[in-house]
Amino acid sequence: MMLQETLELVQFAFVVVFSTFLLQCVDYPILFQDRLPFQYSAQNVSRKIALNDAIIPLEQCISHLNGGVIISLLVALFFWLLRIFKVVYHFFQYMEIKSFFSTALKISERDLDNMTWHEVQRRMQEVQREQQMCIHKQELTELDIYHRILRFKNYMVAMVNKSVLPVRLRVPFLGEIVFLTRGLKYNLEMILFWGPWAPFENNWHLKEEYKKISKRKELADLLSKHILWIGIANFVLCPLILLWQILYFFFNYAEVIKREPGSLGARRWSIYGRLYMRHFNELEHELNARLNRAYKLASRYMSIFTSHILTIIAKNVAFFTGSLLAVLVILTLIDEDFLQVDHMLTTITILGMIVAGCRVFIPDEHLVWCPEKLMMSVLAHVHYMPDSWKGNAHTSRVRDEFAQLFQYKAVYLFEELMSPVVTPIVLCFYLRHKALDIVDFYRNFTVEVVGVGDVCSFAQMDIRKHGNPQWMSFGQTEATQYLQAEDGKTELSLMHFTATNPEWQPPLESTAFIANLREQAQKDAEMLHVLQEENPLYYSLHSMSSLGAGYSRLAGSILNPVAQTHGQGLCAPSSDNEASTKTMPNMKGGISHTEGPMHGAGTGLLSSVHPGVLQQVSGAGVLSSPMQMHQHDSNSYVVEAPVQPSAADMSFSALYMHELHHRRCRLRNYGDFHSRTLWNRPASEMPNIQESPHEDDERAEKMPLLEPKLSKY
């Protein structure tokens, strides 16, 4: 970490100095041979020009610096010095952390990469019991440790979930877009958490005035004023930041684009997507592991949507440019002096880049995927999906919305380049008007935890306070619409935390929710052989079976008696297990990047459906065994990565909970539809018309008949 920050300092200095050198210290007319150096005479005019001839002496270069360059260098020097102080501060912090790990936790730096976070956390709890690091409580729970690490991150996730932050903007001719760049995110975190005017007094305590409703208006006006000043500062620094962005991205990506022009057509998870799909109390390595597993599946889903017009154009452009490139390459092979023709090497390079770029828009005609099946496979890893996507994965609307989470790298670079211009606009004209909402959010969703400090109440994962009745918490939550987390964030985060921290003891309401969910899964498991077509457990296991060979055998150990007598359903997996095996990425970063414990007894939904299933499959070499080689054909092999128990359990839980949620929503919509029929229409629409004198009495007798059906599920 220190090495990375130090090299970033060197990178910053290199970009600034090298850019100044190219701008001020190179005589380009001499370099391009538009004129000869002064020391050349008529006798040696044929001598080749050396690179030193085009470099202006240092003293002369410095004396010719103009005012704009000098101001830019001074600002760059100021920010560089600030970053030096930050690196020095982090150095002492890292030294303290290293001392704590080696002295208290007995973990050496060499062993850290081969140790799971679960083991590190267990040792921290043991040290707390022995040495009382936190004097306010006897023991630290797993949730306490996560709260300390992810205090501000949980607030950000909750604010995005409740649409407090203005990340969705309406742009003329483009409609609604999502805009959240690194620069905007940096400004938001500075305003909300650690800046000089931030609502937080320190790293663990919210200012007391933000907890008083009587000061909400005053604080909102003050926060709005601070946001305005920060936006104005961004406007003033916009030219310099934009110049830095252009230079940095040029030096960082120019060679990559030249070598692999198609890399701009690759995709990446957007910053907004990472916040939208992040659970409460989820560490960075846990989030990265999930998104890495979903990457290839998401790429396959996005590759389904192709424009026939764009494909035809790309094929024809590739044909014409490829023909020209082939002729130029052949002429170069015949006589290498052909490259000495003016701009010939540049022409060959540009033609090659165009051909490579066109290939990105030409799909593989032999690949056929089922959109709905792929979307369910992606959901198994990312865990979040809007309700409107269910059954509409084949539509361009869902594709466009998913592209906001999984964007082209070219779109990411464009947004980052435009960030210095757009960020001050967002701060001054969008975020400033959200000041009152932000103040209310801090007051309503901040709780004080003994030994931890002030944390976001959503991060408590309390079903009673923030649960959603449509996510199997019916009758267990008192939350209004304002207090509910959207998209089942509370319920899914709770299941994820219990899967990665099986020793953690949830609150009573959360424990009851998990118990009810396990009971529902057990009931569905008992009915697999009777009501397969209407069984949410069957569809969840069937979707999980397409994630890879390990997942397939795991689901097959439960579904096998049923699957032998029934088909695999529509949109069966293509290329059988070989193709799905390729979607399993290798574990990057060693054991330290593992989610949850390496071996566990299994306390999730899978174990409740089939007790001991994780241990049985693990013993068969699917879950915890080393990577295995499976023969793909007679000449090649495919590497199968092991499946982690907690990841498999959470993938199934996400699929099953979403299936239950969608069925509950359909049942609710069914009730709404029948409540608006002609013989049972709302009085607000036709207040003075009754079909019979006793219509009101009849409605009162009929309506209760719908209630048991809605409350059964």
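What comes next concerns the included structure.

Parameters at a glance
- Residues numbered from 1 in each chain as written.
- Predicted model: local features only at pLDDT ≥ 70, side-chain atom pairs only at ≥ 80, totals over all residues.
- Heavy atoms only, no water.
- 1 Å grid on protein atoms, 1.4 Å probe; cavity = no way out; pocket = protein on both sides within 12 Å on 5 of 7 lines; lining within 4 Å.
- Points joined across faces, edges and corners; volume = space filled by probe spheres on them.
- Helix = DSSP H or I, 4+ residues; strand = E, 2+ residues; numbered from the N terminus.
- Nonpolar A, V, L, I, M, F, W, Y, C, P; charged D, E, K, R; others polar.
- Axes fitted to C-alpha atoms, helices over the stretch in contact; angles between N-to-C directions.
- Contact = heavy atoms within 4.5 Å.
- Expected span 1.5 Å × (residues − 1).
- Bend = angle between axes of the 7 residues up to and from the residue.
- Core = buried A, V, L, I, M, F, W, Y, C linked by side-chain atoms within 4.5 Å.
- Buried < 20%, exposed > 50% of the residue type's maximum accessible area, 1.4 Å probe, protein only.
- Pairing = 2+ DSSP bridges.
- Salt bridge = Lys/Arg side-chain N within 4 Å of Asp/Glu carboxyl O.
- Disulfide = S-S within 2.5 Å.

**Considerations on empty space enclosed by the protein**
Now for step 1: Under the defined criterion, the tally for this structure stands at four cavities of 30 Å³ or more.
Now for step 2: Of the pockets and cavities examined, the second largest cavity occupies roughly 40 Å³.
Now for step 3: If you go around the second largest cavity, the residues you meet are Met277, Met375, Val378, Leu379, Val382, Tyr384, Met385, Trp389, Phe402 and Leu405.
Now for step 4: At the level of secondary structure, the elements contributing two or more residues to the lining of the second largest cavity comprise α14 (371-382) and α15 (396-405).
Now for step 5: In terms of residues, the lining of the second largest cavity owes the most to one element, α14, which gives four residues.
Now for step 6: Grouping the constituent residues of the lining of the second largest cavity by class yields ten nonpolar, no polar and no charged.

**Thoughts on the layout of surface pockets**
Now for step 1: As a volume, the second largest pocket reaches approximately 910 Å³.
Now for step 2: Lining the second largest pocket are 28 residues; nearest its centre among them are Met302, Ser303, Thr306, Val360 and Pro363.
Now for step 3: Elements with a contribution of two residues or more to the lining of the second largest pocket: α11 (284-304), α12 (308-334) and β4 (406-408).
Now for step 4: Looking at the lining of the second largest pocket residue by residue, the classes come out as 15 nonpolar, seven polar and six charged.

**Topic: the packing of helix α8 (residues 182-194) against helix α16 (residues 409-431)**
Now for step 1: Two elements in contact, α8 and α16, have axes separated by 7 Å at closest approach and are oriented at 35 degrees. Contacts from Arg182, Gly183, Leu184, Asn187, Leu188 and Ile191 in α8 reach Tyr412, Glu416, Ser419, Thr423, Val426, Leu427 and Leu431 in α16.
Now for step 2: Class assignment for the residues of the contact of α8 with α16 results in seven nonpolar, four polar and two charged.

**A closer look at α11**
Now for step 1: Across its 21 residues, α11 extends 30 Å between first and last C-alpha, which sits within 8% of the 30 Å expected from 1.5 Å per residue.
Now for step 2: Considering bend angle alone, the principal kink of α11 is centred on tyrosine 295 and spans about 40 degrees.

**Let's talk about the nonpolar core**
Now for step 1: Core analysis: the biggest nonpolar cluster contains 124 residues, and Phe402 and Met544 have the highest contact counts within it.
Now for step 2: Those residues in contact with phenylalanine 402, other than ones at most four positions away along the chain, are Trp269, Ala298, Tyr301, Met302, Met375, Val378 and Trp389.
Now for step 3: Listed in part, the six residues of the second largest apolar core include Phe338, Met344, Ile348 and Leu351.

**Side note on the pairing of strand β1 (residues 168-171)**
Now for step 1: Across four bridges, β1 lies against strand β2 (residues 175-178) in antiparallel orientation. Residue pairing across strands places arginine 168 opposite valine 178, the latter belonging to β2.
Now for step 2: In textbook terms, the turn of a hairpin is the stretch between consecutive antiparallel strands, and for β1 and β2 this stretch comprises three residues, one of which, phenylalanine 173, has a positive phi near 75 degrees.

**Brief notes about the environment of isoleucine 304**
Now for step 1: Examined against the element boundaries, isoleucine 304 turns out to sit in helix α11.
Now for step 2: Classification of isoleucine 304 as partly exposed rests on a relative accessible area of 26%.
Now for step 3: As for isoleucine 304 and proline 371, which are separated by 67 residues in sequence, their C-alpha atoms are 7.4 Å apart.
Now for step 4: Not counting residues up to four positions away in its chain, the partners in contact with isoleucine 304 are Trp369, Cys370, Pro371 and Leu374.

**Overview of the pattern of salt bridges**
Now for step 1: Throughout the structure, instances matching the rule amount to 24 salt bridges.
Now for step 2: A salt bridge links glutamate 8 to arginine 83; its shortest N-O distance comes to 3.5 Å. Here the residue glutamate 8 occupies a position in helix α1 (residues 2-24), and arginine 83 occupies one in helix α4 (residues 67-103), the gap between them amounting to 75 residues.
Now for step 3: Owing to a relative accessible area of 30%, arginine 83 belongs among the partly exposed residues under this scheme.
Now for step 4: Between lysine 390 and glutamate 659 there is a salt bridge, with the nearest N and O atoms lying 3.3 Å from each other. Separated by 269 residues along the polypeptide, lysine 390 in the loop between α14 and α15 and glutamate 659 in helix α26 (residues 645-675) bring together distant segments of the chain.
Now for step 5: Judged by its relative accessible area of 26%, lysine 390 is partly exposed.
Now for step 6: Sharing partners across several salt bridges, the network here consists of Glu119, Arg122, Arg123 and Glu126.

**Brief notes about the state of the cysteines**
Every disulfide links exactly two cysteines, by a covalent bond between their sulfur atoms.
Now for step 1: This structure, assessed with the given rule, holds one disulfide.
Now for step 2: Shown here is the disulfide that connects cysteine 25 with cysteine 61, its sulfur atoms set 1.8 Å apart. Between cysteine 25 and cysteine 61, the disulfide has an S-S torsion of -65 degrees and is therefore left-handed. Taken as a pair, cysteine 25 in the loop between α1 and α2 (28-31) and cysteine 61 in helix α3 (residues 58-63) lie far apart in primary sequence, 36 residues in all. In this pair, the class of cysteine 25 matches that of cysteine 61, namely buried.

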